[in-house]
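# Descriptive structure summary
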Amino acid sequence: MKQLSTLIVLMSTVLFTGCKSTQQTAEKETQTTMDTIKTSLDWNGYYVGTLPCADCPGIYTELLLNMDESFVLNELYMDRDLRPRVKKGTFSWNSKGNTITLNSNGKVTNSYLVGENALIQLDMKGNRITGDLAHRYELEKKQLKITDTRWKLVELQGKK
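Now for a description of the structure that goes with this document. Counting restarts for each chain, with residues numbered from 1 along the sequence as it is written. The model is predicted, so local features are restricted to residues of pLDDT at least 70 and side-chain atom pairs to those at 80 or more, both for listing and for counting; the totals for chains, interfaces and linings are taken over all residues. The side-chain figures draw on all heavy atoms in the structure; neither hydrogens nor water molecules are used.

Helix and strand assignments come from DSSP, with helices taken as H or I runs of at least 4 residues and strands as E runs of at least 2, each series counted from the N terminus. Scanning the protein from N- to C-terminus turns up two helices and eight strands. Here the protein holds 160 residues, and 28% of them are scored as buried. Computed with a 1.4 Å probe, the accessible areas rest on the Shrake-Rupley method; for each residue, only the protein chains presented here act as cover. For the protein, the exposed surface amounts to about 12100 Å²; the carbon and sulfur share of it is 55%. Buried residues are those whose accessible area, probed at 1.4 Å on protein chains only, stays under 20% of the maximum for their type, while exposed residues exceed 50% and partly exposed ones sit between those limits.

Time to look at the layout of surface pockets. For the largest pocket, the calculated volume is near 150 Å³. Taken together, Val108, Thr109, Asn110, Ser111, Gln121, Leu122, Asp123, Met124 and Gly126 make up the full set of residues lining the largest pocket. Examining the composition of the lining of the largest pocket, we find that four residues originate from one element, strand β6 (residues 107-115), more than from any other. Think of it as three bins: nonpolar holds Ala, Val, Leu, Ile, Met, Phe, Trp, Tyr, Cys and Pro, charged holds Asp, Glu, Lys and Arg, and polar takes everything else, Gly as well. Partitioned by chemical class, the residues of the lining of the largest pocket number three nonpolar, five polar and one charged. Within this scheme a cavity is a closed region of a 1 Å grid, computed over the protein atoms alone, that accommodates a 1.4 Å probe without allowing it to escape, whereas a pocket is open but has protein on both sides within 12 Å along at least five of seven lines; lining residues each have an atom within 4 Å of a point. Grid points are joined across faces, edges and corners, and a volume is the space filled by probe spheres set on the points.

A word on the pairing of β6. A pair of strands is labelled paired if DSSP reports no fewer than 2 bridges between them. Sheet analysis places strand β5 (residues 99-104) next to β6, joined by five bridges and oriented antiparallel. Its bridge partner lying in β6, isoleucine 100 is registered against tyrosine 112. Sheet analysis places β6 next to strand β7 (residues 118-121), joined by four bridges and oriented antiparallel. Residue pairing across strands places glycine 115 opposite alanine 118, the latter belonging to β7. Counting the residues between successive antiparallel strands, the hairpin from β6 to β7 contains two residues, one of them, asparagine 117, with a positive phi of roughly 60 degrees.

Moving on: the state of the cysteines. Note on disulfides: each one is a pair of cysteine sulfur atoms within 2.5 Å. Per the stated rule, a full pass over the model turns up one disulfide. The disulfide partner of cysteine 53 is cysteine 56, and the S-S distance across this bridge is 2.4 Å. Around the S-S axis, the bridge from cysteine 53 to cysteine 56 shows a dihedral of about 120 degrees and counts as right-handed. A relative accessible area of 13% places cysteine 56 in the buried class.

Quick look at the nonpolar core now. Here, the term nonpolar core denotes a set of buried Ala, Val, Leu, Ile, Met, Phe, Trp, Tyr and Cys residues that are joined through side-chain atoms within 4.5 Å. Within the largest apolar cluster, 15 residues are counted, with the highest numbers of intra-cluster contacts made by Leu63, Leu65, Phe91, Ile100, Leu102 and Leu119. Only β1 (45-51), β2 (59-65), β3 (70-77), β4 (85-93), β5 and β6 provide two or more residues apiece to this core.

What follows is about the packing of aromatic side chains. Note on aromatic pairs: the rings of Phe, Tyr and Trp (six-membered ring only in Trp) are paired at centre separations within 6.5 Å, and the planes decide the class, stacked below 30 degrees, edge-to-face beyond 60, tilted for the rest. This model, assessed by the stated rule, comprises three aromatic pairs. Ring centres of tryptophan 43 and phenylalanine 91 lie 5.6 Å apart, and the angle between their planes is 85 degrees; this geometry places the pair in the edge-to-face category. Here tryptophan 43 is found in the loop between α2 (36-40) and β1, whereas its partner phenylalanine 91 is found in strand β4, with 48 residues between them in sequence. For the pair shown, tryptophan 43 and phenylalanine 91 are each scored as buried.

In this fold, threonine 99 is placed in strand β5. Judged by relative accessible area, which is 11%, threonine 99 ranks as buried. In protein, a polar contact requires one atom able to donate a hydrogen and another able to accept it; more generally it is a pair of N or O atoms within 3.5 Å, and residues adjacent in sequence count only if both atoms are side-chain atoms. At 3.0 Å, the side chain of threonine 99 forms a polar contact with the side chain of asparagine 98. Whether two residues touch is decided by their heavy atoms; if any such pair falls within 4.5 Å, the residues are in contact. If sequence neighbours within four positions are ignored, threonine 99 has contacts with Ser92, Trp93, Asn94, Ser111, Tyr112, Leu113 and Leu122.

In structure tokens:
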């Protein structure tokens, strides 16, 4: 009888230890993959789209994200602005590595969920926008073409 209870205790210990080890491995894998968007996607680049506007046809938006975590944001309120409103600054990643927040002149401007060749603008609380217009809060990544373009040199080493 004593041998049976010892065997049961031993088997229980092995089973629980095995489960705990599997759980710890899964947790480590989750932690490792949590920042895969920041580390594995080609997130830097030029994004374009027309975002919804409450009192105009839309906000034509261009956002350039640089590898040094700086950005340039151009916003043109359609039928209202003659020139785009330009904001420059830096951006930071959230702890999960899937969302960026733009900071310009010490003020948080916008947050975006980073996806494959797309940025999805989030609301002021950092949540995805829902409803009928949710699909319109997306900026699409575009390739900047610098080849097959006619270039004219206007300045070289500070001299015209």
